[in-house]
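# Structural overview
Each chain is listed here by its residues.
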Amino acid sequence: MAATATIEKVSIIVSKGSLEGIYPALIMANGARAEGIEADLFFTFFGLDAITKKRWEHIKLATVGNPGLHLPTLLGGLPGVPDLVTRYMERKMETLDIPPIPEFIEMIADTGAGIYACKASVDLFELDKDDLVEQVQGIITVGEFYEHAAGGQIIYT
Amino acid sequence: MPTATYADTAVPVDDEGFFTDPGRWSEPMAEQIAHEQGITELTDRHWTVIRFMREQYAAKGTGPTVRVLGKTSGVSVKELYQLFPKGPAKTAAKIAGIPKPRGCI
């Protein structure tokens, strides 16, 4: 491993509200903190679901229009299929010690990572601070996001 | 393979300084390894984590993740990061003389 260059800070943007849109960002943020790297998560657009009280326990895998699933589109659209596939995936992840989204977000907040919501998206979905989970440290603008991200890497998932 | 000298004893380590033979570790080595990791003094709380790492390694052949540490060591995730700011699982594994834990969580 090269010791010459190190990453000291990452800012990860989460814009999708599906299971497979949210988990990679959480895993990368948590992994950054585990390596002693400063990390912030910015939830924007549908990514906000991951930090919205009414929704964070009900994140589902996209079973329609998701070629990675190798499931016929018509089948993926049948009632109950998204829940079934999501539960199957969650069980597999649990065996790998990957926590459910609410527990994962609490844990990431405990590692000292920042959790922020995008103001434009909060306005768009007519949410306010009370709709978001308590781990959210602020509702910030794009400009404020860039201020936070200064001096580090920005990852868009 | 590189070696490191702790408590006047040369021990084999990997390229990143993790013990490759946990049997060669002894408690007096911990303080010196901790200093190299930027931890000035090992408190009782540090030792709770270090001993837990050794037990888990002995039982499972690998160091625990931060999630497991937070749930079962008696030290919360928040406190773990206060004790080991540069990453609890990795830093504690190094101080505890066990190989680097490998995992994405």
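The shown structure was predicted, so the numbers you read here are calculated from the model rather than taken from an experiment.

Listed as interface residues are 19 residues of chain A and, on the opposing side, 15 residues of chain B. Interface area for chain A against chain B, summed over the two sides, is near 1400 Å², with a carbon-plus-sulfur share of 54%. Considering only the surface of chain A that becomes buried against chain B, Asp97, Met107 and Asp110 of chain A emerge as the three largest contributors, covering 35% of it. On inspection of chain A and its partner chain B, the count reaches six salt bridges. The residue Glu103 of chain A makes a salt bridge to Lys71 of chain B at a minimum N-O spacing of 3.3 Å. Our count for the contact surface shared by chain A and chain B stands at seven residue pairs in polar contact (both at pLDDT 80 or more). Every element with two or more residues in the side of chain A that touches chain B is listed here: α1 (19-34) and α4 (101-110) of chain A. For the side of chain A that touches chain B, the element with the highest residue contribution is α1 of chain A, accounting for five residues.

Residues and elements named next belong to chain A. At a minimum axis distance of 10 Å, the contact between α1 and α4 shows a crossing angle of 25 degrees. In terms of axis orientation, α1 runs roughly parallel to α4. Both α1 and α4 take part in a crossing whose hand is left-handed. Counted together, Leu19, Ile22, Tyr23, Leu26, Ile27 and Asn30 of α1 and Ile101, Phe104, Ile105, Met107 and Ile108 of α4 form the full contact between these two elements. Each residue belonging to the contact of α1 with α4 can be placed in one class, and the counts come to 10 nonpolar, one polar and no charged.

The next thing to look at is the sheet that holds strand β3 (residues 114-118) of chain A. Residue and element names in this part refer to chain A. On the basis of which strands lie adjacent, the open sheet formed by five strands has the order β4-β3-β2-β1-β5 and parallel pairing. At either end of the open sheet lies a strand with only one pairing partner, and these are β4 (138-140) and β5 (153-156). Direction aside, the axes of adjacent strands within the sheet are offset by 30 degrees on average. Of the strand pairs in this sheet, β3 and β4 are connected by three bridges, and their pairing is parallel. Considered in β4, the bridge of Cys118 is made with Ile140. Sheet strands touched by α1: β1 (9-14), β2 (38-43) and β5. Its angle to β2, the strand with the most contacts, is close to 160 degrees.

Cut-offs used in this document
- Residues numbered from 1 in each chain as written.
- Chains lettered and ligands numbered in written order.
- Predicted model: local features only at pLDDT ≥ 70, side-chain atom pairs only at ≥ 80, totals over all residues.
- Heavy atoms only, no water.
- Contact = heavy atoms within 4.5 Å.
- Buried area = accessible area lost by both parts, 1.4 Å probe.
- Salt bridge = Lys/Arg side-chain N within 4 Å of Asp/Glu carboxyl O.
- Polar contact = N/O pair within 3.5 Å; in protein donor to acceptor, adjacent residues only side chain to side chain.
- Helix = DSSP H or I, 4+ residues; strand = E, 2+ residues; numbered from the N terminus.
- Axes fitted to C-alpha atoms, helices over the stretch in contact; angles between N-to-C directions.
- Parallel < 35°, antiparallel > 145°, perpendicular 65-115°, else oblique.
- Left-handed = near helix turned anticlockwise from the far one by under 90°.
- Nonpolar A, V, L, I, M, F, W, Y, C, P; charged D, E, K, R; others polar.
- Pairing = 2+ DSSP bridges.

Read these as spatial facts, not as claims about activity.
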